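Take a look at the letters that make up each chain.
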Amino acid sequence: MQGAEVSEAATKPARARAGRPRAVWALPGVLFFAFFAVVPMVLAFYLSFTEWDGLGDPRPVGLDNWKKLIDDPRITQSLWLTFLLTVCSWLFQTVVALLLGVWAAGKQRNRAVLSAIFFTPLLLSSTAVALLFYALLDPNFGIIQKDTLGSSSGAFLAIVFVGGWQFMPLHTLIYQGGARQIPQVLYQAAAIDGAGPLRQFFSITLPQLRHTVTTSSVLIIVGSLTYFETVLILTKGGPGTDTAILPYLMYEAGFKSYDFGYASAIASFLVVTATGLSLLLVRLTGFGTMRSTREGM
Amino acid sequence: MSHDTLPRPAKLREPSPPPGRTSRARRPWTRRANPVAGLGSLIWLVVVLVPIYAMLSASLTRQDQLLEGNPLKPPPDPTLDNYNTVLNSGFGHLLANTAVVAAAVVGLVLVLSVPLAYVAVRTRNRWSGAAFRLFLLGVAIPAQAVVVPLYLLIAELGLYDTLPAVILPTAAFAMPVSVLILTGTLRDISEELYEAMALDGASSLRMLFQLVIPLAKGGISTVVIYSALQAWNGFLFPLIFTQSDGPRVLTLGLFNYVSQFGVNVPALLASVVLSGIPIFAVYLVARRALVSGLMGVGGK
């Protein structure tokens, strides 16, 4: 036990070490994550050079799966679809959630009540939401008495809309939290300078929310790859292959056609695309610079 | 945040605004009614409520009456039969499995992520930096991309068609975001508090339990909510790693209802409503924690 009377010099080493646990504490978490996420990722890459039907042992086939991937017209279409889905989801969710979130950051009573209602879609699982819209878009029973899911553009827009409908509350909350942290003094100063609401939004709110936009965008980009269950339930990739995004093609190749080698090639391609996109976003915006909330305020 | 208290020159406090805008320009922006934003939020209210209303209404409608009317009309002859049908087809079992998965995932994520975030924030060396970057990258790994090799690993471990086959990968994929949330919170604990405890001779372990965990409550509750939602929503892992009725979870049960109740739309929607009730109950009790937790994600 060191008392408070110990001299400044004697406490220095203790201070420097204060609350610095040994790195070994991080080991269980790192190993667990590595085993269930990183090792499989490497394994997927290895399996992409093999032929494997899920039984027996994977047989090395060199670049066959990758050649097939390059020649497969569904992959080109699917890549374009995945990209389009990500961009459309990002636009839809970012614009609406940003406006709703900034609006909800205010303090009026009706905002709290409305925000609570806006939250409800998030309480249903993606599966439940997909089933709900599967029923509501039914041409015989549904709200819109048209075969929405039967047309390519209808099915695509339905997926964008359903994903947005479900995840909007999350992003609205994220923006609401971000907007609440913007110092009011900035707005007071802008109002004094005679800036109107529109000018204030573009000159203060938007720049102040740039980190929030990044967080939300990373989640939307990774999230739009997980619209897998929405696609599986709503459209089964159809009509034809017009909504078969990459994860869906991977699922079909692996767990429907038992071509796990080819599925792994698609999966590896998916990892590279997703990681590349996220890294780009993180780099462009400085999300990874380990900033705390307090710094820079 | 000392800006607020700084006295401002009188000249700036009394600007000469354009005529007719005097009162508006001085009020803080958030208190001001914004008709455009208000209208926009009302439109979104309709977008949110119409599907929910149509679902509730249809789930209370007798199947033979469903095709007769407009889905936006209230049910002519409300009935709970559809709910009975779903409850009698093993719904409780699905719910229990999902609860077990959610609890186990939350427990695993906390036990593994809290010490990890503590190390990442306090111990700045090569290894902790590398660990942090691993999780930063991990955010971008889509679960779909690793499901084939995971299937191989799960089968090799003899876990195929068991609840751990769902729990373990779900927890692993909830970790990156959890670690990011926790490191964000832990960074705000001030150096002086650690020093004060060090002067009292506290070990790192005691600091973890008496300083870090109590002060990181906000971040920890966000992680609890986030990982519980991940477990609750999980579909792909249960779809691929389980097969029989025994370890079936709610989402997969719902998916199976499509083939079971395929033409029975009211029963299908009743099952969707029922699947939302448990988490809705949690929401009613823990609304504040739930909302402020999720709000904190973007505050960084």
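Residues numbered from 1 in each chain as written. Chains lettered and ligands numbered in written order. Predicted model: local features only at pLDDT ≥ 70, side-chain atom pairs only at ≥ 80, totals over all residues. Heavy atoms only, no water.

### Comments concerning the overall build of chain B
Piece 1. The number of helices and strands found in chain B is 15 helices and zero strands.
Piece 2. Counting only residues that meet the buried cut, chain B has 52% of its 300 residues in that class.
Piece 3. A sequence separation of at least 24 residues applies to 71% of the contacts in chain B between residues at least 6 apart.
Piece 4. A total of about 13700 Å² of accessible surface is found on chain B, and carbon and sulfur atoms cover 65% of it. (Helix = DSSP H or I, 4+ residues; strand = E, 2+ residues; numbered from the N terminus. Buried < 20%, exposed > 50% of the residue type's maximum accessible area, 1.4 Å probe, protein only. Contact = heavy atoms within 4.5 Å. Areas by Shrake-Rupley, 256 points an atom, 1.4 Å probe, with all protein chains shown as cover.)

### Observations concerning the interface of chain B and chain A
Piece 1. With 115 residues of chain B in contact, the opposing surface of chain A contributes 118 residues.
Piece 2. Between chain B and chain A, roughly 10400 Å² of surface is buried when both sides are summed, and carbon and sulfur atoms account for 76% of that area.
Piece 3. Our count for the chain B to chain A interface comes out at zero salt bridges.
Piece 4. Applying the counting rule to chain B against chain A returns four residue pairs in polar contact (both at pLDDT 80 or more).
Piece 5. In the side of chain B that touches chain A, the residues fall into 85 nonpolar, 15 polar and 15 charged. (Buried area = accessible area lost by both parts, 1.4 Å probe. Salt bridge = Lys/Arg side-chain N within 4 Å of Asp/Glu carboxyl O. Polar contact = N/O pair within 3.5 Å; in protein donor to acceptor, adjacent residues only side chain to side chain. Nonpolar A, V, L, I, M, F, W, Y, C, P; charged D, E, K, R; others polar.)

### Structural notes on the packing of helix H4 (residues 73–104) of chain A against helix H7 (residues 152–180) of chain A
When two helices pack together, their arrangement is captured by the angle between the axes and the distance separating the axes.
All names here are of chain A.
Piece 1. Direction vectors running N to C along H4 and H7 enclose 40°, while the axes themselves pass 7 Å from each other. In terms of their interaxial angle, H4 and H7 are classed as oblique. The way H4 lies across H7 gives a crossing that is right-handed. (Axes fitted to C-alpha atoms, helices over the stretch in contact; angles between N-to-C directions. Parallel < 35°, antiparallel > 145°, perpendicular 65-115°, else oblique. Left-handed = near helix turned anticlockwise from the far one by under 90°.)

### Considerations on the environment of A:Ser216
Residue and element names in this part refer to chain A.
Piece 1. Mapped onto the elements of the fold, serine 216 is located in helix H10 (residues 210–225).
Piece 2. Along the backbone, serine 216 and tyrosine 175 are 41 residues apart, and their C-alpha atoms lie at a distance of 8.1 Å.
Piece 3. Leave out the neighbours within four places in its chain, and serine 216 touches His171, Ile174 and Tyr175.

### Quick word on helix H10 (residues 191–199) of chain B
Residue and element names in this part refer to chain B.
Piece 1. For H10, the set of buried residues is Tyr194, Glu195, Met197 and Ala198. Buried residues along H10 cover an arc of 165° about the axis, so they all sit on one side.
Piece 2. Count one or two residues on from H10 and you reach glycine 201, which has phi positive near 80°. (Arc of directions from axis to C-beta.)

### Digging into the packing of aromatic side chains
The relative placement of two aromatic rings is captured by the distance of their centres and the angle of their planes.
Piece 1. Applying the stated criterion to the full structure yields 30 aromatic pairs over all chains.
Piece 2. Ring geometry for A:Phe201 against A:Phe202: centres 5.2 Å apart, planes inclined by 90°, an arrangement best described as edge-to-face.
Piece 3. A relative accessible area of 15% places A:Phe201 in the buried class.
Piece 4. Between A:Phe255 and B:Tyr151 the ring centres are 5.4 Å apart and the planes differ by 85°, which places this aromatic pair in the edge-to-face class. One end of the pair, A:Phe255, is in helix H12 (residues 246–256); the other, B:Tyr151, is in helix H8 (residues 147–156), on a second chain.
Piece 5. Of the aromatic side chains, those joined through ring pairs into one cluster are A:Trp52, A:Phe228, A:Tyr248, A:Tyr251, A:Phe255, A:Tyr258, A:Phe260, B:Tyr151 and B:Tyr160.
Piece 6. The ring of A:Tyr262 has A:Lys68 lying over it, and the distance from NZ or CZ to the ring centre is 4.2 Å.
Piece 7. Over the face of the ring belonging to B:Tyr194 we find B:Arg122, whose NZ or CZ atom lies 3.5 Å from the ring centre. (Phe/Tyr/Trp six-rings, centres within 6.5 Å; stacked < 30°, edge-to-face > 60°. Lys NZ or Arg CZ within 6 Å of the ring centre and 35° of its normal.)

### Some points on the confidence of the model for chain B
Piece 1. The pLDDT averaged across chain B works out to 81; a share of 86% of its residues lies at or above 70.
Piece 2. Prediction confidence for the complex, expressed as pTM and ipTM, is 0.82 and 0.81 respectively. (pLDDT = per-residue confidence, 0-100.)

### Side note on the UniProt feature "transmembrane region" (unreviewed entry) in chain B
Piece 1. Within this numbering scheme, the UniProt entry marks residues 36–56, 94–119, 131–154, 166–186, 207–229 and 265–286 of chain B as carrying the feature "transmembrane region" (unreviewed entry).
Piece 2. In residues 265–286 of chain B, helix accounts for 100% and strand for 0%; the two terminal C-alpha atoms are 32 Å from one another. (UniProt positions renumbered as here; feature names shortened; annotations may be inferred.)

### Points about helix H11 (residues 204–215) of chain B
Residues and elements named next belong to chain B.
Piece 1. If you check which residues of H11 are buried, you get Ser204, Met207, Leu208, Leu211 and Val212. Taken down its axis, H11 places every buried residue within 130° of arc, on the same side.
Piece 2. As for H11, its buried residues are in contact with helix H6 (91–122), helix H9 (163–186) and H10.

### Comments concerning the domain arrangement of chain B
All names here are of chain B.
Piece 1. What the domain assignment reports for chain B is domain 1 (35–79) and domain 2 (89–295).
Piece 2. On a C-alpha basis, the centroid separation for the pair domain 1 and domain 2 is 33 Å.
Piece 3. The interface is formed by seven residues belonging to domain 1 together with eight residues belonging to domain 2.
Piece 4. Summed over both partners, the interface of domain 1 with domain 2 buries about 600 Å², with 80% contributed by carbon and sulfur atoms. (Domains from an automatic or database assignment.)

### Here's the deal with the environment of A:Ala263
Piece 1. Among the secondary structure elements, A:Ala263 is positioned in helix H13 (residues 260–285).
Piece 2. On the basis of relative accessibility, which here comes to 0%, the residue A:Ala263 falls in the buried class.
Piece 3. A C-alpha to C-alpha distance of 57 Å links A:Ala263 and A:Ala191, two positions 72 residues apart in sequence.
Piece 4. Excluding its chain neighbours within four sequence positions, the residues that come into contact with A:Ala263 are A:Met250, A:Ala253, A:Gly254 and B:Val148.

### Observations concerning a nonpolar patch on the surface
Piece 1. On the surface, A:Trp80, A:Phe83, A:Val87, A:Trp90, A:Leu91, A:Val95 and A:Leu99 cluster together into a nonpolar patch covering about 670 Å² of accessible area.
Piece 2. Along the chain, A:Val95 turns up in helix H4. (Patch = residues over 30% accessible without salt bridge, like charges linked within 9 Å, V, L, I, M, F, W, Y side chains within 5 Å.)

### Brief notes about the environment of A:Ile174
Piece 1. Here A:Ile174 lies in helix H7.
Piece 2. By relative accessible area, A:Ile174 is classed as buried at 0%.

### Some thoughts on the UniProt feature "domain: ABC transmembrane type-1" (unreviewed entry) in chain B
Piece 1. Within this numbering scheme, the UniProt entry marks residues 95–286 of chain B as carrying the feature "domain: ABC transmembrane type-1" (unreviewed entry).
Piece 2. Across residues 95–286 of chain B, helical content stands at 79% and strand content at 0%; the span's end C-alpha atoms are separated by 20 Å.

### Notes on the pattern of salt bridges
Piece 1. A full pass over the atoms with the stated rule returns six salt bridges over all chains.
Piece 2. As a salt-bridge pair, A:Asp259 and A:Lys68 come within 3.0 Å of each other at their nearest N and O atoms. A residue pair is termed long-range when its members are at least 10 positions apart, and A:Asp259 in the loop between H12 and H13 and A:Lys68 in helix H3 (residues 64–71) qualify at 191 residues.
Piece 3. Under the relative-accessibility criterion, A:Lys68 is labelled partly exposed at 38%.
Piece 4. A salt bridge links B:Arg122 to B:Glu191; its shortest N-O distance comes to 3.2 Å. Remark: B:Glu191 occurs in helix H10 and B:Arg122 occurs in helix H6; sequence separation between them is 69 residues.
Piece 5. Taking the relative accessible area as the measure of exposure, B:Arg122 reaches 5% and is therefore buried.

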